[in-house]
Each structure stands twice: as structure tokens, then as C-alpha cells.
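# Structural overview
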Amino acid sequence: MEKLHHELWIVHAINIIFGPIAAAILRALGRDVPAHGDVIPDYLAIIIFLTILLTAFSLVVRSRLSVENPGKLQIVLEDALTGLLGMLDDIVGPKGRRYLPLVGTLGVLIWACNLSGMVPGLMAPTSNYNVTLGCAITVFVYYHYHGIKEQGIGAYLKHFAAPPGAPLWIAPIMLPIELISHVSRVLSLSLRLFGNIFGEELVILILASIIPFVVPLPMMLLGLLTSTLQALIFVMLTMIYLGGAVQSEDHGDEHGHGHAPGVAAQPAVQL
Amino acid sequence: MSTRSILTATLALVALGLVSPVYAQETAAATGATVAQWSIITAGFALAFAAGLAALAQGRAVSAAVESIARNPSAAGDIRGNLLLGLVLIESLAIYVLLISLILFFLKPFTA
């Protein structure tokens, strides 16, 4: 396969500006610096660029918010926010709104990263396994931290040993199963996102290397769809894991009637 | 033991005895292909199986979802949410096989 790496001028520009600083920091930490080529890898440069872009966009939108005369952009963003808050209330429960910062940020960032694979001057940072593994580990640490904070470490660990309603002697069987399923959540989150985005990009590349004229276009359309869908699924699974971690036994089955795409399916989602 | 079961057991033993020399001939002919080439063929077959089985499973999910929307159109939003979640989870199993195939194809861990 010919080389998949492609030199982007944004990455080159960021490396010209910040490359020497990054090289100096790396040398001070004792790690070796590549002599030729970019010090800052392309996915890191693009994700930092996207973060700065999204922050600037949010600040600009925030300065133009108005209650009595909202523009189209504000209405669309408020719809998206309402949808996200509705999902949080359904899946996590009444205390779900406090998790909006991380869940919303992950959703918007992953969506922007996935879509920038389709933009000519950028690449998708989520097509590199490091980025998706970072997102998955963040989610893992976050939901365990909040589970322990909500329920206390004793009750939280007891959930691992015996799910609510089950006797205590099945703990030796349940404990390895629960541990493996929680570790496999990290793997499945990261591999799903990485596989979808990298695979999509690879298929477009191979098709374009055979017939570059019109044939890659349906795959690019499919790429737009799966970019949005994968960001949505990442966020939905984060909410399901959060819901499973912070729900305590007394209102564990209060919600689950009505519209809850995840709560009823929570035992089945243990991949 | 009846005559029939003794006959079946004897036939099975003879068949087992006959199969092994044929196997030895096949492996003697097949040592021309290296592990690297077999790994690529394996990757292709694994992906075919994964894609076919995932398609079957997703077809069942979609058919059940569409049928339940037809039976209860007011629950269409909830059913659609569950359907999407289920489809993506099934598809992610095929994606795992794709990743192994990609590793076998491009990283080529078995070449000398």
C-alpha cells in the first residue's frame, strides 16, 4: 500500500510555529526527537486547531445570543442542546444535567473531528487510534469517578460483586465478568470509533486510487452519515455507562418506562 | 448391541482410518504457500463471514423495528432510537473483524 501519510499545510504551519518549543520540551523530558519531519504529529496539530476553532466559534455565538430575537444559528443550537439534555434526562435520570459539560464537549469534538476527514485541507484526528483511545479512557475515568462520588466507594464496589437483587454468593463469578466487561467498554468505544473513521477513509482512498472521478462520492456521503452517527453513538454509550454507574438501587427501575433507548438495554450493552 | 450399530461403528472406524493418509498428501502439497500468504487469505475469509453474519443480524433488527413501528406508529421515535443503537452495536462487531483484517493486510505481522 502506498504511503497513507499526507502532508497538510496546517500541520506544517503549526510545526513551524510551535515545533521548536515542542522539541525543546521533549528534549528536556529526555525523550528523543525525530531529526527530520514534524515534531508535532498531524492528528495532534489538527485536534488542537479544531479545539481552538470550536472555542472561538462558541465565544462568538455566546456574544450574539438574544432572547427575543434569536437568529437561525441560535435556534439550531438550542434544538441540539435540548435534544442532548432530553437524552441525559432519559438515560441518566433526574441528576443527569450536571454531566452535560463532558458529554456535550465530547459529542461536539468527536463530531467535528470525524467531519474534518472530509474537508480538503484537514485530516480526521479520530482516524488515529491514540485519539479515540484517549476519548474512551476519559469516559472510563469519568464515569467511575462519578459513580464513586455518587454512591461511595463501598456501595459502588458492591455493585461489581453482586448486581442489585442478586444474592451475595455469586460474587466470585460476577466479579471477573464485571471487570472484563468494564475493560472491554474502553476497547469497544475506542475501536468502534477508530474502525469506522479509519475504515471509511481507507475505502475512499482505495476507490480514489482506482477511479478518482465520480466513484468515491457515494462512499463520501456514507462517510458524512457515519461521522454523525458515530459521534451520537459515542455520546449515547457514555450516557448509558454514566447512568449505570450513578443510579442507586432505590430508584434503579423508576425510569425505563417511556422513551429510554438505553436504560432498558443496559444489561445487554455490556460488550 | 444390534447388528446395525456394530455395522455403523465399524464403518466409522474404517472411514477414520482412510481419511488420514489423504490429509498427509494435502499438507505435503500445501507447504508451498507460506504463513504470510495464508494470513491474507484468512483475512479475506474472516471479513466475508463477518460482513455476511452482521448483515443478517442487522436485517433481523430492522425488520423487527419496522414491524413494531407499523403496529404502533406513535412509538416511532423511541423505536428508532433503540434501532439505531442496536444497529451500531452489531456493526461494531464487524468493524472489529475489519481491524484484524487490516492488521493482517497492511502491518503484515507474519512475514519473515
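Residues numbered from 1 in each chain as written. Chains lettered and ligands numbered in written order. Predicted model: local features only at pLDDT ≥ 70, side-chain atom pairs only at ≥ 80, totals over all residues.

Along its length, chain B carries three helices and zero strands. Tracing chain B from N to C terminus, the helices and strands come up as α-α-α. Expressed as a percentage of the 112 residues in chain B, the buried residues total 12%. Long-range pairs, those at least 24 residues apart, make up 80% of the contacts in chain B with a sequence separation of at least 6. (Helix = DSSP H or I, 4+ residues; strand = E, 2+ residues; numbered from the N terminus. Buried ≥ 20, exposed ≤ 12 C-beta atoms within 10 Å, placed from the backbone. Contact = placed C-beta atoms within 7 Å.)

For chain A, the count of helices and strands is eight helices and zero strands. When its helices and strands are written in sequence order, chain A yields α-α-α-α-α-α-α-α. A burial count over chain A gives 27% of its 271 residues as buried.

The next point concerns the interface of chain A and chain B. Counting from both sides, the interface comprises 14 residues of chain A and, opposite them, 12 residues of chain B. Looking at the side of chain A that touches chain B, the elements that each hand over two or more residues are helix H7 (171–210) and helix H8 (216–246) of chain A. With six residues, the single largest contributor to the side of chain A that touches chain B is H7 of chain A. Of the residues that constitute the side of chain A that touches chain B, the class distribution is seven nonpolar, six polar and one charged. (Nonpolar A, V, L, I, M, F, W, Y, C, P; charged D, E, K, R; others polar.)

Let's shift gears to the confidence of the model for chain A. Averaged over all residues, the pLDDT of chain A is 85; the fraction at 70 or higher stands at 89%. Considering only residues more than four positions removed or in separate chains, one finds that residues 252–271 of chain A, a stretch of pLDDT under 50, has 34 contacts. (pLDDT = per-residue confidence, 0-100.)

This next bit is on helix H4 (residues 100–115) of chain A. All names here are of chain A. If you check H4, its first and last C-alpha atoms are 22 Å apart, about what 16 residues at 1.5 Å a residue would give, namely 22 Å. By the burial criterion, the buried members of H4 are Val103, Gly107, Ile110, Ala112, Cys113 and Asn114. Structurally, H4 contributes buried residues whose contacts are with helix H2 (42–63), helix H3 (72–91), helix H5 (129–151), H7 and H8. (Expected span 1.5 Å × (residues − 1).)

For the rest of this paragraph, the subject is unusual backbone geometry. Residues and elements named next belong to chain B. For Lys108, which is not a glycine, the phi torsion comes out positive at approximately 45 degrees. Here Lys108 lies in the segment after helix H3 (76–107). On the basis of neighbour count, Lys108 is assigned to the exposed category, with 11 C-beta atoms found within 10 Å.

Phe234, Val235, Met236, Leu237, Met239, Tyr241 and Leu242 of chain A are the most contacted members of the largest nonpolar core, which totals 45 residues. For this core, the secondary-structure elements that each account for two or more residues are helix H1 (9–28), H2, H3, H4, H5, H7 and H8 of chain A together with H3 of chain B. Top element by residues in this core is H8 of chain A. It accounts for 13 residues. (Core = buried A, V, L, I, M, F, W, Y, C linked by C-beta atoms within 7 Å.)

Our focus in this paragraph is the packing of H5 of chain A against helix H6 (residues 153–161) of chain A. Relative placement of two packed helices is described by the angle separating their axes and the distance separating the axes. Residue and element names in this part refer to chain A. Direction vectors running N to C along H5 and H6 enclose 120 degrees, while the axes themselves pass 6 Å from each other. Considered as vectors, H5 and H6 are oriented oblique to each other. Side by side, H5 and H6 meet where Gly147, Ile148 and Gln151 of the first sit next to Ile153, Ala155 and Tyr156 of the second. Of the residues in the contact of H5 with H6, the class split is four nonpolar, two polar and no charged. (Axes fitted to C-alpha atoms, helices over the stretch in contact; angles between N-to-C directions. Parallel < 35°, antiparallel > 145°, perpendicular 65-115°, else oblique.)

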